[in-house]
Amino acid sequence: MNIKTRNLSFKSIITYPNIDIPENRSTFIMGESGSGKSTLLKLLNATHPCETGTILIDDTDINTLEPIALRKKICLIAQSAFLFPGTISTNFETFYAYRNQDVPNRDDIRDFLTLCHLDMEPEANVEFLSGGEKQRVYTAIFVSFASEVLLLDEPTSALDQKTGDAMINNILDHQRSRKKTTVIVSHSASLADRFGDQIIHLDTPEKQENS
Amino acid sequence: MNTTIIELNIFQFSSIYLLLLIVLFIMKRAKINEARLLLIGSLRMSIQLYLCGLVLTYIFKNPHPLFVILYLAAMILFSIHRVLSKNKSFNASFKKVIVLSIALSGTLITFFFVSVMIGVNFFNPQYTIPIAGMIIGNSMSGMNLALKTLNETMNLNKNKIESLLNAGATPDQILKPFLNTALETALIPTLNSMISMGIISLPGMMTGQILSGTLPMTAILYQIAIMIAICTGTALATFSSLYIGYKTFITPRKIIEWN
């Protein structure tokens, strides 16, 4: 699934360069606060309406595509993790129930947690997890959806560098081996340099005015 | 025992205002600086009820269907205004649904109570106006609670709503739990008041009827009936506002927006 944006802007506050997200590769989106990185991801999964400019999903205008089906194919992992009260397993069950899909078995859940560099049993209660651990459970759930495109918004914000690097490395390996597309918003240049097949820089509106 | 209530002469009646001096004294002792509110409150209440009394006296002396319709419309408009002013943040389409829900449910249940149960002409002001007032007034309180709860719970759970939308859940799946919680908060107070009704204190409507000489056994029948009517009116108004109105929160691109 390839994704392109042409003349895309958001509420006349943010103007985006024309972007091409190549299939089966990892693209890093970088920029300062206010440059519209998170907004771009929301535009791509149709949780923000695309009103000015065009977004093409496999050369089809995004506004002609059914949003719920689209969000199952282009999955956005938001920066703020949300988990239901209960165990890691019940969280998997609840999210999968909302998607009307069968939940993975216990071993698979364990594998996804390991993928996100989390050494924990699925029976663990999420109430006692740290912010970083919650973020990894949240990420594991969304990665397990196995969508064609995975969008991650600052996935390592609550993690120390070592854990964050390990998690991103694992996720990108996982995505690459399954021929899936990954887009990561990050402020970490070292992460982008080491793991990004493509790096896109966004300017803040002030910078755009001055240039 | 008297068959009609004792008329109050104006001098004896004024003595009740002396009790406000007790309230004033208590407020001063407790350093509550709301003497102005007390004055305005009791003044407005007295003037408003006085005018209400004049209007009702006129209507009872000159009964005409139009007066009943106008009075009902005024009650409905006032309660709609109260609900909308306390819940400003919702979008315009949702507000329209609220208006229609209050108007239709209030009128329908009142009609059933007056014309079907009692068997009196709907345009008889002595029956329709007080009963409609109770049903619409209580529906309004229930609606306020429900809408306040809905707004608060959704604002508190923005992260949850966003995450579920990102995970590919439909807006219906996401919103239904919020609607159910809001409806519950509207109904629980009425249901709870039913449980303790008749133990120790007499509810308002029964008190009025008994003072006016209604036989207790008749008064209790009216009281039971009005409680059920209020419960139904609240449930109907709240349910239709929420379960029809929530669709106005869903944009054509299946995004959830409620403010």
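Below: a short report on this structure. Everything numeric in this text was worked out from a predicted model, so none of it was measured. (Residues numbered from 1 in each chain as written. Chains lettered and ligands numbered in written order. Predicted model: local features only at pLDDT ≥ 70, side-chain atom pairs only at ≥ 80, totals over all residues. Heavy atoms only, no water.)

## Section: the sheet that holds strand S4 (residues 26–31) of chain A
Hydrogen bonds along the backbone pair up the strands of a sheet, which may run parallel or antiparallel.
All names here are of chain A.
Logical step 1: Taken in spatial order, the 5 strands of this open sheet run S7-S8-S9-S4-S10, and their pairing is parallel. In the strand order of this sheet, the two ends are held by strand S7 (74–77) and strand S10 (198–202), each with one partner. Taken pair by pair, the neighbouring strands of this sheet meet at an average axis angle of 15°, ignoring direction.
Logical step 2: Strand contacts of helix H5 (residues 131–144): S7 and strand S8 (149–153), with the helix running at about 180° to S7, the strand carrying the most contacts. (Pairing = 2+ DSSP bridges. Helix = DSSP H or I, 4+ residues; strand = E, 2+ residues; numbered from the N terminus. Axes fitted to C-alpha atoms, helices over the stretch in contact; angles between N-to-C directions. Contact = heavy atoms within 4.5 Å.)

## Structural notes on the interface of chain B and chain A
Logical step 1: Facing 18 residues of chain B, the contacting portion of chain A comprises 29 residues.
Logical step 2: Overall, the association of chain B and chain A removes approximately 1900 Å² of surface from exposure, summing both partners, and the carbon and sulfur fraction of that is 55%.
Logical step 3: The largest per-residue losses of area from chain B upon contact with chain A belong to Asn166(B), Ala167(B) and Arg253(B), which jointly make up 35% of the total buried on that side.
Logical step 4: Our count for the contact surface shared by chain B and chain A stands at 2 salt bridges.
Logical step 5: Between Lys42(A) and Glu162(B) there is a salt bridge; the shortest N-O distance is 3.9 Å.
Logical step 6: Our count for the contact surface shared by chain B and chain A stands at 11 residue pairs in polar contact (both at pLDDT 80 or more).
Logical step 7: Every element with two or more residues in the side of chain B that touches chain A is listed here: helix H7 (158–166) and helix H8 (171–195) of chain B.
Logical step 8: With 7 residues, the top contributor of residues to the side of chain B that touches chain A is H7(B).
Logical step 9: Each residue belonging to the side of chain B that touches chain A can be placed in one class, and the counts come to 8 nonpolar, 6 polar and 4 charged. (Buried area = accessible area lost by both parts, 1.4 Å probe. Salt bridge = Lys/Arg side-chain N within 4 Å of Asp/Glu carboxyl O. Polar contact = N/O pair within 3.5 Å; in protein donor to acceptor, adjacent residues only side chain to side chain. Nonpolar A, V, L, I, M, F, W, Y, C, P; charged D, E, K, R; others polar.)

## Thoughts on the packing of helix H5 (residues 92–118) of chain B against helix H10 (residues 216–245) of chain B
All names here are of chain B.
Logical step 1: Their axes nearest at 9 Å, the elements H5 and H10 cross at an angle of 155°. Relative to H10, the element H5 lies roughly antiparallel. Pair H5 / H10 crosses with right-handed handedness.
Logical step 2: Among the residues making up the contact of H5 with H10, the classes are represented as 16 nonpolar, 7 polar and no charged. (Parallel < 35°, antiparallel > 145°, perpendicular 65-115°, else oblique. Left-handed = near helix turned anticlockwise from the far one by under 90°.)

## A few points about the side chain of Thr182(A)
Residues and elements named next belong to chain A.
Logical step 1: Topologically, Thr 182 is positioned in strand S9 (residues 181–185).
Logical step 2: For Thr 182, a relative accessible area of 1% gives the class buried.
Logical step 3: In this structure, Thr 182 is in contact with Arg 25, Ser 26, Thr 27, Leu 150, Leu 152, Leu 172 and Gln 175, ignoring residues within four places of it in sequence. (Buried < 20%, exposed > 50% of the residue type's maximum accessible area, 1.4 Å probe, protein only.)

## Remarks on unusual backbone geometry
All names here are of chain A.
Logical step 1: The backbone of Lys 11 shows a phi angle near 45°, a positive value even though the residue is not glycine.
Logical step 2: Mapped onto the elements of the fold, Lys 11 is located in the loop between strand S1 (3–10) and strand S2 (14–15).
Logical step 3: A residue is classified by how much of its surface remains accessible, and Lys 11, at 56% relative accessible area, is exposed.
Logical step 4: A positive phi angle, near 50°, is found at Glu 154, a position not held by glycine.
Logical step 5: Along the chain, the position of Glu 154 falls in the loop between S8 and helix H6 (161–177).

## Here's the deal with the packing of aromatic side chains
Logical step 1: Per the counting criterion, the structure on display carries 15 aromatic pairs over all chains.
Logical step 2: Between the aromatic rings of Phe84(A) and Phe95(A), the centroid separation amounts to 5.4 Å while the plane-to-plane angle is 65°, which identifies the pairing as edge-to-face. Of this pair, Phe84(A) sits in the loop between S7 and helix H3 (88–98) while Phe95(A) sits in helix H3, and the two are 11 residues apart along the sequence. For the pair shown, Phe84(A) and Phe95(A) are each scored as buried.
Logical step 3: Seen from their ring centres, Phe239(B) and Tyr243(B) are 4.4 Å apart, and the 20° between their planes marks the pair as stacked. Placement of the pair is Phe239(B) and Tyr243(B) together in helix H10, with a separation of 4 residues, close to one helical turn. (Phe/Tyr/Trp six-rings, centres within 6.5 Å; stacked < 30°, edge-to-face > 60°.)

So, to be careful, I would describe these as geometric facts and stop short of saying anything about function.
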